[in-house]
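Observations on the three-dimensional arrangement
Spelled out from the first residue to the last, the chains are:
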Amino acid sequence: MNFFSEPLTLMTFFPLVGVLVLLFLPSDKKNVLRWTALVTSLITFGISLWVLTMFRSANPDLQLVAKYDWITVAGWNIQYHMGVDGLSILLVLLTTFLTPISILSTWTAVEERVKDFMIFFTLLEVGMLGVFLAQDLFLFYIFWEFTLVPMYFLIGIWGGPRRIYAAIKFFLYTMAGSILMLLAILFVGIQAGTFSVPDLAANLSGMYASGLIDPKTQMMLFVAFAAAFAIKVPMWPLHSWLPDAHVEAPTAGSVILAGVLLKMGTYGFLRFNIPLFPNATIAAAPWIALLATIGIIYGAAVSYAQSDVKKLVAYSSVSHLGFVMLGMFALNAQGISGGILQMVNHGLSTGALFLLVGMIYEQTHTREIKVYGGLWKITPVFGSIMLIVALSSMGLPGLNGFVGEFTILLGAWGAGMDGGSFAPMGGVWWAGLSALGVIMAAIYILFMFQRMFLGPQGEIVDEVKKHGHALRDLNWREILTIVPILIFIFWIGLYPAPFFNLMAPAVDKMVAALQAAAMAMH
Amino acid sequence: MPQSSDFQTILPLTILTVWACVLLLVDLFIPKTQKWITATLAAAGLAVTLGVTLAQLGGPASTGFSGMVVQDGFSTFLNALQLVCGLLGVALAFGYVKRMGLERGEYYTLLLFSVIGMMLMVQAADLIMVFLALEMLSIPLYVLAAFNRTQSASEESGLKYFLLGAFSTGFVVYGIALVFGATGTTNLAGILASAPTSGLLLTIGAALILVGFGFKVAAVPFHMWTPDVYQGAPTSVTGFMAAGAKIAGFAALLRVFSTAFPALAVDMTDILWALSALTMIGGNLLAISQSDIKRMLAYSSIAHAGYILMAFVPYGNPDVAPVSIAAGLFYLVAYAVTNFGAWGVVIAMEKSEGRGLAISDYAGLAKKHPVLAAAMTVFMLSLIGFPPTLGLVGKFYLFRAVLSGGFVWLAVIGVVTSLISAYYYLRVVVTMYMHEGEPTVEREFWLDFTWGLSALATVVLSFIPQALFVMASSALLK
């Protein structure tokens, strides 16, 4: 097999080369280990850009497909099947983009067991890329579950004081969802005779039409898949693992957790739930919208009440991902493409917020908002960047968050106009309620910014001085870590068209398939 | 008169029996300090027999001794597995018995005789042979369990195992008697041919046989002996017993039930369903609170008996039975591989006087012995059923078979208990990676070899399980 004719395989498994090198490096050469991991992830990012150049955005189907028989004996029909389309290309790029940034952020933050850290981090990238690219349910499940293992170690070894509790909770909570999905995967695999996702979509729709799978079973399958994904997103009320995992995780872990791992949940809905169980999707859409809206408002309200800044950012994820879910389950082109873009936006903004919180925490070792104050004067660069990221997170026009949220709200508003989804309540109501979430986001984000960066100087400044070194502004490495994200925050905010173009044909195809399923149902 | 073709049927068995008998004599002339020669000879015997068994793979099925024994794909597959278990059992014991001051030549000959019993069990085609094989495999294990005779725990283990074993054999024999009463024959094929398709006597007989083997494979509620016996026995014996005895017990159950009692499936399916569910739930719940690694793994082995029992539940449904039996066989392989690795790590950590066996003794292992800790992590993930390990592939196969049989709730119990099991398996990982400690580890070549090979096989075979799938599904009972 020529690897260069298999760009997706090459990209997914290239980090393993880095893991292999890391295994044989001495564990006391910390900088060599860091550079190895960084270079590995940068090359992976390079490969993903190469993939992007080969990606044809006009094509709504899977591209660059690698498809080989894997386990096809003894009645099995499992394939090694990878492919990328408009739904996943941005998430793949987000993954390869955030990984080197996260590694860069650990340069001075992780001093213990650097070798193990880099190995787990690099393994994690393999798992994440596999999740977004796998087109066979068995393969997908392997990648999906595998991502838990390195993340579990990252939280459990390098996390905060309650890291072990958080790591186990994270593992068990997410596994609880996955096992239901495992049964559903087996069930559809047995019924349809294949695990290949594109074939499944075709086979299943035939089985729905012929009544081989009745609507009730379809709904149960939908729920089983949704259980796995909703926990990952996390949707209210299944979010309680998230604050623990986020608060205890090391900074780089939080960035990847928020930036990529949560997107695996929303992506799962998009890739599996909606196309494979279209009728159940339409039936469940109002309920998902309800949960999403509750999540938006609940997440925002709880964020406001936090005294720990990392927890505040963690709960804001619940709120932001509520928007993503609302947009996707508006089930129209605007909603879905807004949802996808908002996944990327959230990865960038929240990733950056976690990075910034990590940078200040590294100096002060506290995340209590109340001990800070007047930081902008002392650390102007840090303060300015924080302001941009905060504004992006709350959806200020001109920055990326606005574009995503606005498109989602448009989509949600339009949902149900054609009498289809979101009945009995029109989409207008959901859009209206969720818009409340935008306002609340402005409140908790600005309130946080005000308490930490404006006003009189906080006690922590003197506290740090007592230990012999004053609070310093960002250094070049830290600026280098954050600036790439800032570029995209502005780019998406000012000119989002190229991003929408990447996904548009795939989204249109998906919506058309949904409408066909809805027609068939009536 | 037996024909030469009769011996052809039990050729591997004959070779190993002769080898074991000769070894018993040879061992007398091997000086006390040179017992490694006995071990090597025992391993060589197992290896030769394994070679002969593998040569039989894919050959035609045959019966011998007037239908008392049978040699077919099923028996060849499981014989090969038993022999591999025997080899790994020798490798586990090689350094351990010396270190613990238990090095006596009988250890290895007893192990060989036990393997012979297991192989006979797999080949038995008559209830009398099943009974003989059961005794043949059990008696050496009773002795092995009590092999550390200066330790009261080991004595207790042997005695408990013996008493419970005798008790359970009683059930089997009584069951055989009832079946004979109902059908007038003890031959498995004969029972099927001459049986009244159901009938109370036959049902009770079959149920009693199930109870007897329920003890052997440690299914709830017949599991009470397991933790004590596993804990008290020398660890190298426990590792061997956990895999070997379980495989033999399941092989006999599969053979007897699907050859002789398919007609009873209507009644038996519900019983097996309940047994499987109880075993999964009980084993996993009881394992949670264990602080001793041997006891934890003992309960884990009970739990896994429950998973394997799942494969029996659809045995009466001719559409699903082949798939589910193949899934059961595959899971046995996955379990055996993982099991030997895990027990290998336990042996590496064990100190004299039974120290080093608490889970808390594993603290800091990842820092001091990263490879060993990584291997143990692989085994724990495999026991949970997590990628990238053989345990996941095994469970995938098993749950698929159960779902194909329409037993959705059993599959749900299976996955939920897997989730529960993640908690206690992860505790070992947590201790190794996230707690500080100064553990010391015994490095012995064959021990390292055992857990290293197991870890490698657990991971690599999960990506290329095709050959095993083919073997397991061609090892079906005709």
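Quick caveat, the model's predicted, so the values are computed rather than measured.

1. Focus: the overall build of chain B
- Helix and strand counts for chain B stand at 20 helices and two strands.
- Here the C-alpha atoms of chain B give a radius of gyration of 21 Å, agreeing with the 23 Å that 2.2 N^0.38 yields for 478 residues.
- With respect to the three principal axes, the spread of C-alpha positions in chain B is 65 × 55 × 40 Å.
- Within chain B, contacts between residues separated by at least 24 positions form 79% of all contacts whose residues are at least 6 apart in sequence.

2. Quick word on the overall build of chain A
- The helix and strand inventory of chain A stands at 21 helices and two strands.
- Here the C-alpha atoms of chain A give a radius of gyration of 22 Å, agreeing with the 24 Å that 2.2 N^0.38 yields for 522 residues.
- With the C-alpha coordinates aligned to their principal axes, the bounding extent of chain A is approximately 75 × 55 × 40 Å.
- Within chain A, buried positions represent 61% of all 522 residues.

3. Re the nonpolar core
- Counting residues in hydrophobic clusters, the biggest one holds 401 residues, and the most contacted among them are Leu183(A), Val90(B), Met121(B), Ile247(B), Phe330(B) and Tyr331(B).
- Take this core: its biggest share by element is 22 residues, from helix α14 (residues 321-349) of chain B.
- Both domain 1 (1-276) and domain 2 (281-522) of chain A contribute no fewer than three residues apiece to this core.
- If we ignore the near neighbours within four places in the chain, the residues touching Tyr331(B) are Tyr307(B), Ile308(B), Ala311(B), Gly394(B), Tyr397(B) and Leu398(B).

4. As for the interface of chain B and chain A
- Tallying the contact residues gives 26 residues for chain B and 24 residues for chain A.
- A total of eleven residues in the side of chain B that touches chain A trace back to one element, the largest contributor, which is helix α18 (residues 408-434) of chain B.
- Broken down by class, the residue content of the side of chain B that touches chain A amounts to 21 nonpolar, four polar and one charged.

5. As for the pairing of strand β2 (residues 78-84) of chain A
All names here are of chain A.
- Along β2, five of the seven residues are buried, which leaves the element largely enclosed by surrounding structure.
- In this structure, strand β1 (residues 63-71) lies alongside β2, joined through six bridges in antiparallel fashion. If you follow Asp-69 over to β2, its bridge partner there is Gln-79.

6. A closer look at unusual backbone geometry
All names here are of chain A.
- Put simply, Val-233 and Pro-234 share a cis peptide bond, and its omega is -15°.
- Tracing the chain through its elements places Pro-234 in the loop between α9 (215-232) and α10 (241-248).
- A cis amide bond links Trp-236 to the next residue, Pro-237, at an omega of 5°.
- Its location among the elements puts Pro-237 in the loop between α9 and α10.

7. A short note on the environment of Ser105(A)
Residue and element names in this part refer to chain A.
- Looking at the secondary structure, you find Ser-105 in helix α3 (residues 89-105).
- Along the chain, Ser-105 and Glu-362 lie 257 residues apart, while their C-alpha atoms are 11 Å from each other.
- In this structure Ser-105 touches Thr-251, Ala-252, Val-255, Leu-355, Gly-358 and Thr-481, once residues within four positions along its chain are discounted.

8. Looking at helix α4 (residues 73-99) of chain B
Residue and element names in this part refer to chain B.
- Across its 27 residues, α4 extends 40 Å between first and last C-alpha, which sits within 8% of the 39 Å expected from 1.5 Å per residue.
- The axis of α4 is deflected most strongly, by about 35°, at Ala-93.
- With 25 of its 27 residues buried, α4 lies for the most part within the structure.
- Directly beyond the C-terminal end of α4, a positive phi value near 70° is found at Gly-101.

9. Comments concerning helix α2 (residues 30-54) of chain A
Residues and elements named next belong to chain A.
- A rise of 1.5 Å per residue sets the reference length of α2, with its 25 residues, at 36 Å; its end C-alpha atoms lie 37 Å apart and thus fit the reference within 8%.
- For α2, every residue scored as buried is listed here: Leu-33, Arg-34, Thr-36, Ala-37, Thr-40, Ser-41, Thr-44, Phe-45, Ser-48 and Val-51.
- Along its buried surface, α2 packs onto α1 (7-23), β1, β2, α3 and α4 (114-133).

10. Overview of the packing of helix α2 (residues 11-26) of chain B against helix α5 (residues 106-123) of chain B
Residues and elements named next belong to chain B.
- Where α2 contacts α5, the two axes come as close as 10 Å, and the packing angle between them is 160°. Taken together, the axes of α2 and α5 are roughly antiparallel relative to one another. As for how α2 packs across α5, the hand of that crossing is left-handed. Between α2 and α5, the contacting residues are Pro-12, Leu-13, Leu-16, Thr-17, Ala-20, Leu-23 and Leu-24 on the first element and Thr-109, Leu-112, Phe-113, Val-115, Ile-116, Met-119, Leu-120 and Gln-123 on the second.
- Class assignment for the residues of the contact of α2 with α5 results in twelve nonpolar, three polar and no charged.

11. Examining the environment of Ile37(B)
- Mapping Ile37(B) onto the fold places it in helix α3 (residues 36-56).
- Since 15 C-beta atoms lie within 10 Å of it, Ile37(B) is described here as partly exposed.

12. Considering the packing of helix α16 (residues 380-394) of chain A against helix α20 (residues 476-494) of chain A
All names here are of chain A.
- Direction vectors running N to C along α16 and α20 enclose 35°, while the axes themselves pass 11 Å from each other. Remark: the crossing between α16 and α20 carries left-handed chirality. Across from Val-381, Ile-385, Ile-388 and Ser-392 in α16, the residues of α20 making contact are Ile-479, Ile-482, Leu-486 and Ile-489.
- Here the contact of α16 with α20 is composed, by residue class, of seven nonpolar, one polar and no charged.

13. Notes on the domain arrangement of chain A
All names here are of chain A.
- As assigned here, chain A comprises domain 1 (1-276) and domain 2 (281-522).
- Inter-centroid distance (C-alpha atoms) of domain 1 to domain 2 is 22 Å.
- With 14 residues, the top contributor of residues to the side of domain 1 that touches domain 2 is helix α11 (residues 251-276).
- Here the residues of the side of domain 1 that touches domain 2 sort into 30 nonpolar, 13 polar and two charged.

14. Examining the confidence of the model for chain B
- Scored by pLDDT, chain B has a mean of 89; 99% of the residues are at 70 or more.
- Across the assembled chains, the prediction reports ipTM 0.88 with pTM 0.91.

15. Some remarks on the environment of Thr72(A)
All names here are of chain A.
- Of note, Thr-72 is situated in the loop between β1 and β2.
- Residue class for Thr-72 comes out partly exposed when judged on the 13 C-beta atoms lying within 10 Å of it.
- Apart from the residues within four sequence positions on either side, Thr-72 is in contact with Asn-77 and Ile-78.

Cut-offs used in this document
Residues numbered from 1 in each chain as written. Chains lettered and ligands numbered in written order. Predicted model: local features only at pLDDT ≥ 70, side-chain atom pairs only at ≥ 80, totals over all residues. Helix = DSSP H or I, 4+ residues; strand = E, 2+ residues; numbered from the N terminus. Rg over C-alpha atoms; globule rule 2.2 N^0.38 Å. Contact = placed C-beta atoms within 7 Å. Buried ≥ 20, exposed ≤ 12 C-beta atoms within 10 Å, placed from the backbone. Core = buried A, V, L, I, M, F, W, Y, C linked by C-beta atoms within 7 Å. Domains from an automatic or database assignment. Nonpolar A, V, L, I, M, F, W, Y, C, P; charged D, E, K, R; others polar. Pairing = 2+ DSSP bridges. Expected span 1.5 Å × (residues − 1). Bend = angle between axes of the 7 residues up to and from the residue. Axes fitted to C-alpha atoms, helices over the stretch in contact; angles between N-to-C directions. Parallel < 35°, antiparallel > 145°, perpendicular 65-115°, else oblique. Left-handed = near helix turned anticlockwise from the far one by under 90°. pLDDT = per-residue confidence, 0-100.

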